[in-house]
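Here is how the chains run, residue by residue.
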Amino acid sequence: MTQPASAPQAEPPATPAPPQHAPDQSVMRLRELVFGAACAAAIRAAARLGVADALGEEPAGTEELARTVRTEARPLGRLLRALASYGIFAEQPDGRFAHTAMSRMLREDAPDSLRNIALWCTEPWTWEAWPRLDDAVRTGKDVFGDLYGKRFFEYLHDDAPESAAVFDKAMSRSSTQSARDVVDALDLTGVATVADIGGGQGRVLAGLLERHPDLRGTLLDLPKVVAGADPRLREGGALADRATLLPGDCRKQVPVQADLYVIKNILEWDDDSTRRTLRNVVASARPGARVVVIENLVDDSVSMRFTTAMDLLLLLNVGGQKHTRESMVTRMTEAGLVVGEVRPVGPYLHSFDSVVRGA
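Residues numbered from 1 in each chain as written. Predicted model: local features only at pLDDT ≥ 70, side-chain atom pairs only at ≥ 80, totals over all residues. Heavy atoms only, no water.

Enquirer: Mind showing me how you'd approach a nonpolar patch on the surface here?
Expert: On the surface, a cluster of nonpolar side chains totalling about 460 Å² of accessible area is made up of Leu30, Leu33, Val34 and Phe35. The topology assignment puts leucine 30 in helix α1 (residues 25-34). According to the relative accessible area criterion, leucine 30 is exposed, its value standing at 53%. (Patch = residues over 30% accessible without salt bridge, like charges linked within 9 Å, V, L, I, M, F, W, Y side chains within 5 Å. Areas by Shrake-Rupley, 256 points an atom, 1.4 Å probe, with all protein chains shown as cover. Salt bridge = Lys/Arg side-chain N within 4 Å of Asp/Glu carboxyl O. Helix = DSSP H or I, 4+ residues; strand = E, 2+ residues; numbered from the N terminus. Buried < 20%, exposed > 50% of the residue type's maximum accessible area, 1.4 Å probe, protein only.)

As structure tokens, then:
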């Protein structure tokens, strides 16, 4: 009798593979953040080497780029790969690198270039100051005097002329970009005269005069600053016949009357300077004159990481601060201004429209 075929033996159960845990996103993010200095340093290196300027519209390999910017190819590739992980340049499947929206802004000739801002925010003194942030938080005072034996701007102009030049370029570029937003936002109905207080090179004033052919304006700033005013405002310039360049310090006196006073991004030093500047404007202005303060805010912004970083840097280098909406309204009200509408101006700024309180 034929024996029945034996039933196939069941395979022993497989040992389950260990569970694959997804990486803890909070751990990964914090690890990346504590290496934030590496990202800042990489951006600075690319800006100083001129990598973005060397890269054209077509992707390029590291050997080709290295010859142009005079570096070694392999370290340059490592730098570009690090930046590409942040979306600054893009690595192609064949190993070449191409521009992204952010890398284009590191080009010197880009209309919205941030190259000089990137250099300014990573100047050598910043690497000395940031590690002392705990001291600044503990005392509420800047650390610059302890580090260099003199105040911040004194140090720049006496001991760090290259850094001062980067500062001037960065502020000029930033002012040019933001001036367009300010000119677009300001309502000059009923305004015949405007005073740009602490207005630097006068980009806002020049933009307003160009936009409004019947407007007359005054630029008030320190003598050295006014001497380098926008060429359109200086003698022989297209707007010179309607512009007055007034050397002075708004923290000491504002000797000008106008229908509208514009105070942009200068109320960020110590509280005493802010209060004195506002009071000096009110002391000179006629009752009912408009005062528009334009500032970055740290509590009402789509760019909180940027504005709060600037706030901490101001604490470190000059003992200053960026304002909240409440603190700005408080300072203006204390000075004798009646604050009205507060609204965004472009992606980074807010304008505080006010009038000088009547007698």
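Enquirer: Even after reading the chapter, I still don't get empty space enclosed by the protein, so can you show me in this structure?
Expert: With a probe scaled to a water molecule rolled over the atoms, the places where space remains empty come into view. Within the structure shown, the criterion is met by 1 cavity of 30 Å³ or more. Reported here for the largest cavity is a volume of approximately 30 Å³. If you trace the largest cavity, you find it lined by Val182, Ala185, Leu186, Ile294, Arg343, Val345 and Ser351. Going through the elements one at a time, α12 (161-185) and β8 (337-345) are the ones with two or more residues in the lining of the largest cavity. Considered class by class, the residues forming the lining of the largest cavity number 5 nonpolar, 1 polar and 1 charged. (1 Å grid on protein atoms, 1.4 Å probe; cavity = no way out; pocket = protein on both sides within 12 Å on 5 of 7 lines; lining within 4 Å. Points joined across faces, edges and corners; volume = space filled by probe spheres on them. Nonpolar A, V, L, I, M, F, W, Y, C, P; charged D, E, K, R; others polar.)

Enquirer: Would you explain the sheet that holds strand β5 (residues 243-247) in this entry?
Expert: Backbone-to-backbone hydrogen bonds join strands into a sheet, with any given pair of strands oriented parallel or antiparallel. Spatially, the 7 strands line up as an open sheet ordered β5-β4-β3-β6-β7-β9-β8, and their pairing is mixed. Pairing within the sheet leaves two strands with one partner each, and these edge strands are β5 and β8. Within the sheet, the average angular offset between the axes of one strand and its neighbour, ignoring direction, is 20°. This element, α12, spans β6 (260-264), β7 (290-295), β8 and β9 (349-356) of the sheet and lies at about 115° to β8. (Pairing = 2+ DSSP bridges. Axes fitted to C-alpha atoms, helices over the stretch in contact; angles between N-to-C directions. Contact = heavy atoms within 4.5 Å.)

Enquirer: I tried to follow the layout of surface pockets on my own but got confused; where do I start?
Expert: There is about 190 Å³ of room inside the second largest pocket. Together, Arg44, Arg48, Arg115, Leu119, Glu123, Pro124, Trp125, Tyr155, Ala160, Glu162, Ser163 and Val166 line the second largest pocket. Only α2 (36-49), α7 (115-120), α8 (124-129) and α12 provide two or more residues apiece to the lining of the second largest pocket. When residues of the lining of the second largest pocket are assigned to their parent elements, the largest contribution, 3 residues, is made by α12. Classifying every residue of the lining of the second largest pocket gives 6 nonpolar, 1 polar and 5 charged.

Enquirer: It is not clear to me how the pattern of salt bridges should be interpreted in this structure. Could you clarify?
Expert: Any two side chains of opposite charge can pair if their charged atoms end up close together. Throughout the structure, instances matching the rule amount to 27 salt bridges. In this structure, arginine 132 and aspartate 146 form a salt bridge, with 3.7 Å as the shortest nitrogen-oxygen distance. Here aspartate 146 lies in helix α10 (residues 144-148) and arginine 132 lies in the loop between α8 and α9 (133-139), a separation of 14 residues in the sequence. Assessed through its relative accessible area of 64%, aspartate 146 is described here as exposed. Glutamate 295 serves as the salt-bridge partner of lysine 322, at 4.0 Å between the closest nitrogen and oxygen. Highlighted residues: lysine 322 in the loop between α16 (304-317) and α17 (325-334) and glutamate 295 in strand β7, separated in sequence by 27 residues. Neither residue differs from the other here; lysine 322 and glutamate 295 are each classed as buried. Here the salt bridges share partners, and the residues they tie into one network are Arg132, Asp134, Asp135, Arg138 and Asp146.

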